[in-house]
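Close look at the chain arrangement
Take a look at the letters that make up each chain.
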Amino acid sequence: MNKKERYLAAKEKYAQIGVDTDAVLEELKKVKVSMHVWQGDDVQGFLSDDALSGGISVTGNHPGKATNPNELRQDLEKALSYIPGNHKLNLHAIYLDTDETVDLNEIEPRHYETWVKWAKEQGLGLDFNPTFFSHPMYKDGFTLASSDPEVRDFWIEHGKRSRKIAEYFGKELGQVSINNFWVPDGYKDNPIDRLSPRKRLMEALDEVFAEPLDKRYTLDAVESKLFGIGAEAYTVGSHEFYMGYGLTRNKLVCLDAGHFHPTEVISNKLSSIGLFSEGILLHVSRPVRWDSDHVVIMDDELQEIGKELVRNNLLDKTHIGLDFFDATINRVAAWVIGTRNTIKAVLKAMLEPIDTLKCAELNGDFTTRLALTEELKDFPYADVWNYYCEIQGVSVGLDWLKEVQDYETNVLLKR
């Protein structure tokens, strides 16, 4: 059977349990994933050649990483050509594209005009992140929570300017730009005073966010982390800190799959945050024992994230972004694998007979709930996915891999 015939057979099978696959694919078209630029150059950016600092580390030295904005956009175009749907791109502040010598507390929208022009050509939205790491003003493990007013003021100004850039993205591209704030501040060993740095961080963020911006153009998000390299004992911006801050300041609460204890999962947090927060920013990553940001695979947690978003109607208030970087493999392939898997997990969740399952659960029919969820594991969701890729005009299955390998030979290895 060809792909269309396989899809029609799958469509009939899903119809038997009350799932309309045509309607599902129409809904899937609305799902946007914000693909992160920093997979393409190992989080180096174009501000300076300084080594990574602030809890950030990239392992591996696969050849061909992007060394300038044009190479990075070239690689992104290649990756996006294999990903079904219309999506967004996530920039960090260090990815400015300018001939000017400019520091993080001096950035302006004009330093990102080339990205906006390119995004318009590609039909992409742009998200943003101020960069609170890999900089000389990241001093003694602190930025916004620093006890040094000079350090703190530098980063406050950076945050304010970042918000203006995100607003510019939203106005120019007609898609709201999510501006995500994560800071690495913390101590390597046990502190005496855990409260004062958090108070300083709270007050600094309040100053950064003091100017109200139109939510049609940009939304602020705050992101927690359990620990980082050099901040193993104490992180100022913990989950509890940012959950409280986000809920009381009407900010998006960012949940990153790698930023919690090794036995914690964010899928179980989505329904709770969804009840109380302005919205959710979701950073899809794959931790292996710690926040190691491996390429996203179709593991249990990714599928549970997809189910929680779909079963609880959270897609409308959740902004899905990716956050991983692996320099041991082809970087274009990493984007393709991770992004396709994220979309696929949402599709698989959409193919559940959710109303039937919820009704069984509400009526105490746990037998039906268990039997149906187990049987669904053998349903032909891959045939639906392959058909979706085909009608979206992108490669099906592994068809993309040979082209990426050729791209590596003809382009990446010649850099």
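Predicted model only: the values in this text are computed from it and were never measured. (Residues numbered from 1 in each chain as written. Predicted model: local features only at pLDDT ≥ 70, side-chain atom pairs only at ≥ 80, totals over all residues. Heavy atoms only, no water.)

Before going further, it helps to spend a moment on the environment of A145. Relative to the helices and strands, A145 resides in the loop between β3 (125–129) and α5 (149–173). Along the sequence, A145 and T342 sit 197 residues apart, while their C-alpha atoms lie 34 Å from each other. Other than its neighbours up to four places away in sequence, A145 contacts D185, P197, R200, L201 and V236. (Helix = DSSP H or I, 4+ residues; strand = E, 2+ residues; numbered from the N terminus. Contact = heavy atoms within 4.5 Å.)

Time to look at helix α7 (residues 239–249). Buried within α7 are the following residues: H239, F241, Y242, Y245 and G246. Projected down its long axis, α7 carries its buried residues within an arc of 155°, all on one side. Residues of α7 that are exposed and angled more than 90 degrees away from the buried face: E240 and T248. (Buried < 20%, exposed > 50% of the residue type's maximum accessible area, 1.4 Å probe, protein only. Arc of directions from axis to C-beta.)

This part is about the UniProt feature "binding site: Mn(2+)" (unreviewed entry) in the chain. Look at the UniProt record and you will see "binding site: Mn(2+)" (unreviewed entry) annotated at H259, D291 and D293. In summary, the annotated positions, though distributed over 35 residues, converge in three dimensions, the widest C-alpha pair being only 9.7 Å. Examined against the element boundaries, H259 turns out to sit in the loop between β8 (252–256) and α8 (270–276). In this structure, H259 is in contact with W182, E223, S224, K225, L226 and D291, ignoring residues within four places of it in sequence. Reaching out from H259, the side chain makes a polar contact with the side chain of E223 at a distance of 3.3 Å. You can see D293 is positioned in the loop between β9 (280–284) and α9 (300–311). Those residues in contact with D293, other than ones at most four positions away along the chain, are S285, R286, D323, F324 and F325. Polar contacts involving the side chain of D293 include one to the side chain of S285, which spans 2.8 Å. (UniProt positions renumbered as here; feature names shortened; annotations may be inferred. Polar contact = N/O pair within 3.5 Å; in protein donor to acceptor, adjacent residues only side chain to side chain.)

Attention now goes to the packing of aromatic side chains. Applying the stated criterion to the full structure yields 21 aromatic pairs. A centroid spacing of 6.1 Å and a plane angle of 55° characterise the contact between F133 and W182, whose relative ring orientation is tilted. With a gap of 49 residues between them, F133 in the loop between β3 and α5 and W182 in the loop between β4 (177–181) and β5 (186–187) connect regions that are remote in the sequence. Comparing F133 with W182 shows no difference in burial state: the two are buried. (Phe/Tyr/Trp six-rings, centres within 6.5 Å; stacked < 30°, edge-to-face > 60°.)

Take the environment of L195 next. Tracing the chain through its elements places L195 in helix α6 (residues 195–208). Separated by 41 residues in sequence, L195 and V236 place their C-alpha atoms 8.7 Å apart.

So, on to unusual backbone geometry. For N250, which is not glycine, the phi dihedral falls at a positive 55°. Following the sequence through the fold, N250 ends up in the loop between α7 and β8. The partly exposed category is assigned to N250, whose relative accessible area is 45%. For N313, which is not a glycine, the phi torsion comes out positive at approximately 55°. The exposed category is assigned to N313, whose relative accessible area is 63%.

The next subject is the packing of helix α3 (residues 69–80) against helix α4 (residues 113–122). Viewed as axis vectors pointing N to C, α3 and α4 meet at an angle of 20°, and their least axial separation amounts to 12 Å. Comparing their axes, α4 and α3 come out roughly parallel. Judged by the twist between their axes, the crossing of α3 over α4 is right-handed. Seen from α3, the contacting residues are L72, R73, L76, E77 and L80; seen from α4, they are T114, W115, W118 and Q122. (Axes fitted to C-alpha atoms, helices over the stretch in contact; angles between N-to-C directions. Parallel < 35°, antiparallel > 145°, perpendicular 65-115°, else oblique. Left-handed = near helix turned anticlockwise from the far one by under 90°.)

The next subject is the pairing of strand β10 (residues 318–322). Counting buried positions over the five residues of β10 gives four, a clear majority of the element. The sheet contact formed by β9 and β10 spans five bridges and is parallel. Opposite L281, over in β10, you have H319 as the bridge partner. Since β9 and β10 lie parallel, the crossover through α9 that links them has a hand, and here it is right-handed. (Pairing = 2+ DSSP bridges. Right-handed = clockwise from strand over helix to strand, strands pointing away.)

Okay, the domain arrangement of the chain next. We note that the domain assignment places domain 1 (1–30 + 353–414) and domain 2 (31–351) within the chain. Using only C-alpha atoms to locate each centre, domain 1 and domain 2 end up separated by 28 Å. Taken residue by residue, the interface counts 31 residues in domain 1 and 30 residues in domain 2. Here domain 1 packs against domain 2, burying approximately 2800 Å² in sum over the two surfaces, 67% of which is carbon and sulfur. At the junction of domain 1 and domain 2, the tally comes to zero salt bridges. The tally of links from domain 1 across to domain 2 stands at ten residue pairs in polar contact (both at pLDDT 80 or more). For the side of domain 1 that touches domain 2, the secondary-structure elements that each account for two or more residues are α2 (21–28), α11 (354–362), α13 (381–391) and α14 (399–410). (Domains from an automatic or database assignment. Buried area = accessible area lost by both parts, 1.4 Å probe. Salt bridge = Lys/Arg side-chain N within 4 Å of Asp/Glu carboxyl O.)

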